[in-house]
Amino acid sequence: MSTALPVAELLFGEADATPISTDEATVKPWELARECLRTAPKVWLSTVRPDGRAHAMPVMPVWADDAPWITTRPTSRKGRNLAANPSCVVTVSSETLDLVVEGEAVRARDEATLRRVAAAFEAKYGWELAVRDGSVYEDHLPGSPEYGFYRITPVRAFGYGADGLTATRWRFS
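Residues numbered from 1 in each chain as written. Predicted model: local features only at pLDDT ≥ 70, side-chain atom pairs only at ≥ 80, totals over all residues. Heavy atoms only, no water.

## Topic: the overall build of the protein chain
What counts, and what does not: Helix numbers and strand numbers start at the N terminus; a helix is a DSSP run of H or I with at least 4 residues, a strand a run of E with at least 2. Atoms counted for the radius of gyration: C-alpha only. Globule rule: 2.2 Å times residue count to the power 0.38. The contact definition used throughout considers only heavy atoms, calling two residues in contact when any of these lie within 4.5 Å.
Scanning the protein chain from N- to C-terminus turns up 3 helices and 11 strands. A compact globule built from 173 residues would reach a C-alpha radius of gyration of about 16 Å, and the protein chain, at 17 Å, matches this within 12%. Referenced to the eigenvectors of the C-alpha coordinate spread, the extents of the protein chain come out at roughly 60 × 35 × 25 Å. For the protein chain, contacts bridging at least 24 residues in sequence account for 61% of all contacts bridging at least 6.

Spelled out as structure tokens, the structure:
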């Protein structure tokens, strides 16, 4: 499944009282944001607790099936939060971009997808995970704990240039 390219636009306009650039030429391409997510060794995942409070933790992302993916144990606070409410925010910084992605995290269950994502985790981190019965397990640990793979589908994203003077908003349909 391919993610359609978002509409990229300036985050601020000339009427906004802000030191951020209003020059259309400073709008960043989505490819820059994708590369930031694809290569990041770690991102911050923010989820919503059942009582509405925010919860943020670092996670290791991979890029597969044209989307960012994270993994967590379904019984962890992140996993329980996502099971109740898939809304999330992923944040990451690189040399060229500070990125905020608002989206939804949905757990994958089909084995073909799980195998592709497991291969991405092994290729990026050397982390070998076993896929069976619609779930993912770390057989190298005692008790072979279960993990879930969650695809992050962006709803909107914000990118801030390293110069501190440029900002782009991407809106997804």
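Let's pick the thread back up.
## Points about the nonpolar core
Where a protein is soluble and globular, its nonpolar side chains tend to be buried together. The test is simple: By nonpolar core is meant a set of buried Ala, Val, Leu, Ile, Met, Phe, Trp, Tyr and Cys residues that side-chain atoms within 4.5 Å join together. Whether a residue is buried, partly exposed or exposed follows from its accessible area with a 1.4 Å probe, protein chains only, as a fraction of its type maximum: under 20%, in between, or over 50%, in that order.
Residues L99 and W170 are the most contacted members of the largest nonpolar core, which totals 23 residues. Where this core is concerned, the elements lending two or more residues are α1 (30-39), β2 (43-48), β6 (87-93), β7 (97-107) and β10 (146-161). Residues A64, V117, V136 and Y147 belong to the second largest nonpolar core, which totals 16 residues.

## Re the pairing of strand β11 (residues 167-171)
The side chains of a regular strand alternate between the sheet's two faces. This is how the line gets drawn: DSSP bridges decide pairing: two strands pair if at least two such bridges lie between them.
Pairing of strand β1 (residues 7-10) with β11 involves 4 bridges; the strand directions are antiparallel. When the bridges of β11 are listed, A8 appears paired with W170. Bridge count between β10 and β11: 5 bridges; the pairing is antiparallel. What sits directly across from G159, in β11, is T168. Hairpin connection from β10 to β11: 5 residues lie between these consecutive antiparallel strands, with G164 at a positive phi of about 75°.

## Description of empty space enclosed by the protein
The method is simple in principle: a probe with the dimensions of a water molecule rolls over the atoms, and the space it marks as empty is what remains. Note the following rule: Buried and open spaces are told apart on a 1 Å grid over the protein atoms alone, a cavity being a set of points where a 1.4 Å probe fits but cannot get out and a pocket being an open set with protein on both sides within 12 Å along at least five of seven lines. Residues with an atom within 4 Å of a point are the lining residues. Grid points are joined across faces, edges and corners, and a volume is the space filled by probe spheres set on the points. Residues were grouped as follows: Ala, Val, Leu, Ile, Met, Phe, Trp, Tyr, Cys and Pro as nonpolar; Asp, Glu, Lys and Arg as charged; and all remaining residues, including Gly, as polar.
All told, the structure shown has 2 cavities of 30 Å³ or more when counted by the stated rule. Here the second largest cavity defines a volume of roughly 40 Å³. Surrounding the second largest cavity, L37, V43, P61, P68, W69, I70, V90 and I152 form its lining. Residue contributions to the lining of the second largest cavity peak at 3 residues, all from strand β5 (residues 67-72). Looking at side-chain class alone, the lining of the second largest cavity contains 8 nonpolar, no polar and no charged residues.

## Digging into the environment of A167
Secondary-structure assignment places A167 in strand β11. With relative accessibility at 1%, the residue A167 sits in the buried group. Separated by 158 residues in sequence, A167 and E9 have C-alpha atoms that sit 8.7 Å apart. Ignoring sequence-local partners within four residues, the contact set of A167 consists of E9, L10, L11, F12, I20, G159 and Y160.

## What to know about the packing of aromatic side chains
Using the following cut-off: Only rings of Phe, Tyr and Trp enter the pairing, Trp through its six-membered ring, and a pair is recorded when the two centres are within 6.5 Å. The plane angle decides the type: under 30 degrees is stacked, over 60 is edge-to-face, the rest tilted.
Using the criterion set out here, one finds 6 aromatic pairs in the structure. Ring centres of F121 and F149 lie 5.3 Å apart, and the angle between their planes is 15°; on these two criteria the pair is classed as stacked. Of this pair, F121 sits in helix α3 (residues 111-125) while F149 sits in strand β10; the two residues are 28 residues apart in sequence, bridging distant segments of the chain. Seen in terms of ring centroids, W127 and Y147 are 5.4 Å apart; in terms of plane orientation they differ by 90°. Their pairing is edge-to-face. In this pair, W127 is assigned in the loop between α3 and β8 (130-132) and Y147 in strand β10, connecting sequence segments 20 residues apart.

## Some remarks on the pattern of salt bridges
Our working definition: In what follows, salt bridge is the name for a side-chain nitrogen of Lys or Arg lying within 4 Å of a carboxyl oxygen of Asp or Glu.
Counted under the stated rule, the structure contains 11 salt bridges. We note a salt bridge from E9 to R169, for which the minimum N-O separation is 2.7 Å. With E9 in strand β1 and R169 in strand β11, this residue pair connects regions lying 160 residues apart in the sequence. Judged by relative accessible area, E9 falls into the buried class, the value being 18%. In this structure, R132 and D139 form a salt bridge, with 3.1 Å as the shortest nitrogen-oxygen distance. Taking relative accessible area as the criterion, R132 reaches 31% and is therefore assigned partly exposed. Because the salt bridges share partners, they merge into one network encompassing E9, R169 and R171.

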